[in-house]
Amino acid sequence: GAFLGGGDWSRVRALGPIWTHKWKLRLNDEFDEVVLEEWDLPGRPPMLELSTRMDGERGAGARLRKFIAAAEARGLAIDPQPELKTRAALQTLVNP
């Protein structure tokens, strides 16, 4: 209760389901631990997220550009205006 300020837990409800699929793959020698995650939300096209880990923030911009280039070299199209999957899920499930 402290996190929600002592809120009324009887009003809390579960949202979902959200069907997900997760794969681990290797794009190239530099990006050898990549996660590809698909979320299937009701009434929406599937969302696909590609992610990798970084050590610190130094050089993040250059590394991101290399990551996008490596993904595109494997035939993946990167959305220049990506939608946050958690936001999309909440909007879809709260306001169906």
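Computed from a prediction, not measured in an experiment: that's the story for all the values here.

> Explain the sheet that holds strand S1 (residues 19–25) here, please?
Hydrogen bonding along the main chain pairs the strands of a sheet, whether they run parallel or antiparallel. The 3 strands lie next to each other as S1-S2-S3, forming an open sheet whose pairing is antiparallel. Edge positions in the sheet fall to S1 and strand S3 (47–52), since each of these pairs with one other strand and no more. Within this sheet the neighbouring strands show an average axis-to-axis angle of 20°, counted without direction. Bridge count between S1 and strand S2 (residues 34–40): 7 bridges; the pairing is antiparallel. Note that in S2 the partner of lysine 22 across the bridge is glutamate 37.

> Which parts of the structure should I look at to understand a nonpolar patch on the surface?
A contiguous nonpolar patch, built from Leu15, Leu90 and Val94 and spanning about 230 Å² of accessible area, is present on the exposed surface. You can see valine 94 is positioned in helix H2 (residues 85–94). Exposure remark for valine 94: the relative accessible area of 40% places this residue in the partly exposed category.

> Would you mind going over the pairing of S3 with me for this structure?
Each regular strand displays side chains that alternate between the two surfaces of the sheet. When S2 meets S3, the two strands line up antiparallel, connected through 6 bridges. Bridging across to S3, glutamate 37 finds its partner in glutamate 49.

> Teacher, can you tell me more about the nonpolar core here?
Soluble globular proteins tend to bury their nonpolar side chains together. The biggest cluster of nonpolar side chains holds 8 residues, and these are Leu27, Phe31, Val34, Leu36, Leu50, Phe67, Ala70 and Ala71. At the level of elements, S2 and helix H1 (60–73) are the ones that each hand at least two residues to this core. The residues contacting phenylalanine 31, other than those within four sequence positions of it, are Arg26, Thr52, Arg63, Lys66, Phe67 and Ala70. Residues Leu41, Met47, Ala88 and Ala89 belong to the second largest nonpolar core, which totals 5 residues.

Definitions and cut-offs
Residues numbered from 1 in each chain as written. Predicted model: local features only at pLDDT ≥ 70, side-chain atom pairs only at ≥ 80, totals over all residues. Heavy atoms only, no water. Pairing = 2+ DSSP bridges. Helix = DSSP H or I, 4+ residues; strand = E, 2+ residues; numbered from the N terminus. Axes fitted to C-alpha atoms, helices over the stretch in contact; angles between N-to-C directions. Patch = residues over 30% accessible without salt bridge, like charges linked within 9 Å, V, L, I, M, F, W, Y side chains within 5 Å. Areas by Shrake-Rupley, 256 points an atom, 1.4 Å probe, with all protein chains shown as cover. Salt bridge = Lys/Arg side-chain N within 4 Å of Asp/Glu carboxyl O. Buried < 20%, exposed > 50% of the residue type's maximum accessible area, 1.4 Å probe, protein only. Core = buried A, V, L, I, M, F, W, Y, C linked by side-chain atoms within 4.5 Å. Contact = heavy atoms within 4.5 Å.

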